[in-house]
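Residue-level structural notes
Take a look at the letters that make up each chain.
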Amino acid sequence: LGKPMAIGVSVHNADELEASLAQGPDYVAFGPVFATASKHQPDPVIGLDGLRALVDATPGLPHVAIGGIDLSNASEVAARCEAGAVIAALLPHDTGSGMHAEVVQKTRLLHAALSRGQS
């Protein structure tokens, strides 16, 4: 496709992680860390302890936390892995003219929270 791309895998438990590592991913996404409403039938929550265990099992790979990340828990995620993927926490409450500003504000706050704890 012209540009180098990172290929990752998304896993929900240690068994999936072990099977996925044979594919040689460039990064690994773990979750859902917290309960999420963005999927109809989400996998079981792994929690912060599960996130830490999966990260510790894959030294040398970048890690992305997924599932239920919002402003109330983003700094705890940042203390355990390099990145967090956020969907629902960015969605605006207002669907009128202030929608864009609300999404921008939420994005900035979440980015700051996820950046804490990173060296």
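See the structure shown above.
Not measured: the values here are computed from a predicted model.

1. A short note on the pairing of strand 3 (residues 63–66)
- Bridge count for strand 2 (residues 27–30) against strand 3 is 3 bridges, and the pairing is parallel. Bridge pairing in strand 3 links Val28 to His63.
- One crossover worth recording links strand 2 to the parallel strand 3 by way of helix 2 (residues 47–56), and it is right-handed.
- Of the strand pairs in this sheet, strand 3 and strand 4 (residues 83–85) are connected by 3 bridges, and their pairing is parallel.

2. Some details on helix 4 (residues 99–115)
- A rise of 1.5 Å per residue sets the reference length of helix 4, with its 17 residues, at 24 Å; its end C-alpha atoms lie 24 Å apart and thus fit the reference within 8%.
- Next to the buried residues of helix 4 lie helix 3 (74–78) and strand 4.

3. With respect to the pattern of salt bridges
- Summed over all chains, the structure comprises 2 salt bridges.
- Across the salt bridge formed by Asp56 and Arg52, the nearest N and O atoms sit 3.6 Å from each other. Of this pair, Asp56 and Arg52 both sit in helix 2, separated by 4 residues, roughly a single helical turn.

4. Looking at the sheet that holds strand 1 (residues 8–11)
- Read across the open sheet, the 4 strands follow the order 1-2-3-4; overall the sheet is parallel. Bordering the open sheet on either side are strand 1 and strand 4, each of which pairs with just one other strand. Averaged over neighbouring strand pairs, the angle between their axes works out to 25° when direction is ignored.
- Contacts from helix 1 (residues 14–21) reach strand 1 and strand 2 within the one sheet, and its direction differs from that of strand 1 by about 160°.

5. Some words on the environment of Gly68
- Mapped onto the elements, Gly68 comes out in the loop between strand 3 and helix 3.
- Apart from residues no more than four positions distant in its own chain, Gly68 is found in contact with Phe34, Ala35, Thr36 and Asn73.

6. Thoughts on the nonpolar core
- In terms of nonpolar packing, the biggest core is built from 23 residues, with Val28, Phe30, Val33, Leu51, Ala65, Ile69 and Val77 touching the most fellow members.
- At the level of elements, strand 1, strand 2, helix 2, helix 3 and helix 4 are the ones that each hand at least two residues to this core.
- Looking at which element gives the most residues to this core, the answer is helix 2, with 4 residues.
- Excluding residues within four positions of it along the chain, Ala65 makes contact with Phe30, Val33, Leu51, Val77, Cys81, Ala83, Gly84 and Ala85.

How each quantity is defined
Residues numbered from 1 in each chain as written. Predicted model: local features only at pLDDT ≥ 70, side-chain atom pairs only at ≥ 80, totals over all residues. Heavy atoms only, no water. Pairing = 2+ DSSP bridges. Helix = DSSP H or I, 4+ residues; strand = E, 2+ residues; numbered from the N terminus. Right-handed = clockwise from strand over helix to strand, strands pointing away. Expected span 1.5 Å × (residues − 1). Contact = heavy atoms within 4.5 Å. Salt bridge = Lys/Arg side-chain N within 4 Å of Asp/Glu carboxyl O. Axes fitted to C-alpha atoms, helices over the stretch in contact; angles between N-to-C directions. Core = buried A, V, L, I, M, F, W, Y, C linked by side-chain atoms within 4.5 Å. Buried < 20%, exposed > 50% of the residue type's maximum accessible area, 1.4 Å probe, protein only.

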